[in-house]
Structure formats: C-alpha cells, structure tokens
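Here is how the chains run, residue by residue.
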Amino acid sequence: TAPVESEVGPPVRLETVVNPSTVAAGDPVACTCNAYDAEDRPVTSDAFTLNLSTSEGVTVNDLQLTPTLVGTLQVACVLDTLVDESPETITVVAGDPATTAATVDPNPTPAGEMAIVSCYATDIWGNDVGDQLSPTVTVTPEDSVSINGMDISTEVAGEYEVRCETGGVQAKPTTWTV
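The following paragraphs examine the structure supplied in this document. What you see is a predicted model; the values in this text were computed from it and never measured.

Details of the overall build of the protein chain
The secondary structure content of the protein chain amounts to 0 helices and 18 strands. The C-alpha radius of gyration of the protein chain comes to 27 Å, more than 25% above the 16 Å expected for a compact globule of 178 residues. Taking the principal axes of its C-alpha atoms as reference, the protein chain extends roughly 100 × 25 × 20 Å. Within the protein chain, buried positions represent 32% of all 178 residues. Taking as baseline every contact in the protein chain between residues at least 6 positions apart, the subset at least 24 positions apart corresponds to 54%.

Structure follows, in structure tokens:
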C-alpha cells in the first residue's frame with residue numbers, strides 16, 4: 001500500500017521576502033509571504049498582511065509597498081496572529097534629483113564683500129540627494145555681479161535671485177540682499 005500523505009497543518013512559521021531590498025524613494029517593493037506548518041510544509045493563504053516598523057512615508061497596496069522617505073524599514077508578514085519573527089530590512093535611498101536650492105552666507109552681505117553659495121538638491125519627495133550634482137551658480141540680475149565658482153559679490157546694493165542651475169532639475173531661487 002502507498003504511504004498516506006498527511007494533510008498540511010496550520011501555519012506555525014512565516015517567512016518574508018522583499019524584492020528589491022534596496023530601493024530609491026518612490027519605487028515599489030514587492031513582498032512575498034510564505035507560511036509553513038510544523039513539518040515545514042508550505043501552507044497557502046491569501047490572508048497575509050504586512051507589519052511595518054513605521055508607516056510614515058510608506059504606501060501599502062496589498063503585499064506591495066512604496067516608501068518615500070530615506071532610511072531603513074523593517075517589514076514582516078502577518079497571518080492572523082502569527083508574525084514573521086525575522087523581519088526583512090528595506091533600505092531606501094534618495095531618488096533622482098528633482099529640485100535644487102541655494103543658500104547664501106552671509107545674507108545680507110555688505111556691498112563689495114564676498115558671499116558663499118551652497119547648493120542642495122532633493123528628490124521629488126524632499127530627500128537630500130547629497131553631492132550628486134555639479135551645479136552652476138546664477139544670479140539675477142547678473143550685471144555688476146561677480147561669480148567665481150560658488151563665490152559671489154557685487155558693489156551694487158539691492159536684492160538678487162540666486163539659483164543653483166543644473167540640467168533638468170528645477171532650481172528654486174533664494175533672495176540675496178546686498
């Protein structure tokens with residue numbers, strides 16, 4: 001006689017799989033949940049949910065999540081009262097640069113003295129993208145303004161718009177008072 005297959009028992013262990021485990025802000029992550037019985041046999045279910053270490057900046061749609069804040073996120077599958085005891089970590093990095101902003105120091109600047117421009121770039125979600133860009137400083141109006149790399153100066157008192165320009169990225173102006 002053939003051996004009798006025993007029925008799969010109730011789930012006693014869950015495993016969470018995330019793909020990818022490192023993602024740019026705004027990109028989706030697919031989560032797969034696997035359940036196993038006491039004899040390590042797969043248990044099928046369509047009732048899995050996700051337990052996240054934080055819900056801030058994360059959109060969840062079934063077993064897919066889309067994080068928008070840079071950092072790490074712990075994800076564990078849940079089935080009824082059973083929770084994966086070894087959650088997966090998702091590392092979220094900044095997305096592509098979307099906006100640049102400038103700061104001027106000192107601001108206001110005495111006429112004839114030099115000010116230093118610092119440029120900051122963020123992705124569409126506002127995450128700092130670091131030093132990925134090599135922006136060009138622009139000042140409007142530009143007549144009478146001396147620009148040397150990140151250093152600016154003018155002898156003419158007034159208000160100027162300073163931008164950090166780089167291709168394809170929105171440059172938000174800051175007001176520089178001389």
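Next comes the rest of the account.
A look at the state of the cysteines
Under the counting rule described, the total for this entry stands at 2 disulfides. Sequence-ordered numbering of the bonded cysteines in the protein chain gives a pairing of 1-2, 3-4. Residue Cys31 stays outside any disulfide, its sulfur separated by 6.6 Å from that of Cys77, the closest cysteine.

Some points on the sheet that holds strand E16 (residues 159-165)
Whether parallel or antiparallel, the strands of a sheet pair through hydrogen bonds between backbone atoms. One open sheet accounts for 3 strands, arranged E13-E16-E18; its pairing is antiparallel. What marks the edges here is a single partner per strand, and that holds for strand E13 (136-140) and strand E18 (174-177). In this sheet, neighbouring strand axes are inclined to one another by 35° on average, regardless of whether the strands run parallel or antiparallel. The pairing of E16 with E18 spans 4 bridges and is classified as antiparallel. Bridging from a neighbouring strand, Tyr160 pairs with Trp176 of E18.

Observations concerning the side chain of Thr99
The topology assignment puts Thr99 in strand E11 (residues 99-105). Assessed through its relative accessible area of 13%, Thr99 is described here as buried.

So, the sheet that holds E11
Taking strand neighbours across the sheet as the criterion, the 5 strands line up as E14-E15-E12-E11-E17 in an open arrangement whose pairing is mixed. Either end of the sheet is taken by a strand with one partner, and the two such strands are strand E14 (145-148) and strand E17 (170-172). Each neighbouring strand pair of the sheet contributes to a mean axis angle of 30°, computed without reference to strand direction. Pairing of E11 with E17 involves 3 bridges; the strand directions are parallel. Residue pairing across strands places Ala101 opposite Lys172, the latter belonging to E17.

Focus on the nonpolar core
Leu50, Leu65, Val75 and Ile90 are the most contacted members of the largest nonpolar core, which has 20 residues in total. Looking at this core, the elements with two or more residues in it are strand E1 (13-19), strand E3 (29-36), strand E5 (49-52), strand E8 (71-79) and strand E10 (88-93). Residues contacting Ile90, with those up to four places away along its chain left out, are Val18, Ser21, Val23, Val29, Leu65, Gly71, Thr72, Leu73 and Val75. Formed by 13 residues, the second largest nonpolar core is a distinct cluster that contains Val137, Val139, Ile152 and Cys164.

Here we look at the pairing of strand E12 (residues 115-122)
Bridge analysis of E11 against E12 gives 7 bridges, and the strand direction is antiparallel. Residue Thr103 lies in a different strand from E12, and its bridge partner there is Ser118. Across 2 bridges, E12 lies against strand E15 (residues 151-154) in antiparallel orientation. The residue of E15 that forms the bridge with Ile116 is Asp151.

Digging into unusual backbone geometry
A cis amide bond links Asn19 with the next residue in sequence, Pro20, at an omega value of 0°. In this fold, Pro20 is placed in the loop between E1 and strand E2 (22-24). The omega torsion across Asp105 and Pro106 is -5°, close enough to zero to call that bond cis. Secondary-structure assignment places Pro106 in the loop between E11 and E12. With phi around 55°, Asp80 is a residue other than glycine that occupies positive phi space. The phi dihedral of Ser144 falls on the positive side, at around 75°, and the residue is not glycine. Looking at where Ser144 falls in the secondary structure, it is placed in the loop between E13 and E14.

Criteria and thresholds
- Residues numbered from 1 in each chain as written.
- Predicted model: local features only at pLDDT ≥ 70, side-chain atom pairs only at ≥ 80, totals over all residues.
- Heavy atoms only, no water.
- Helix = DSSP H or I, 4+ residues; strand = E, 2+ residues; numbered from the N terminus.
- Rg over C-alpha atoms; globule rule 2.2 N^0.38 Å.
- Buried < 20%, exposed > 50% of the residue type's maximum accessible area, 1.4 Å probe, protein only.
- Contact = heavy atoms within 4.5 Å.
- Disulfide = S-S within 2.5 Å.
- Pairing = 2+ DSSP bridges.
- Axes fitted to C-alpha atoms, helices over the stretch in contact; angles between N-to-C directions.
- Core = buried A, V, L, I, M, F, W, Y, C linked by side-chain atoms within 4.5 Å.

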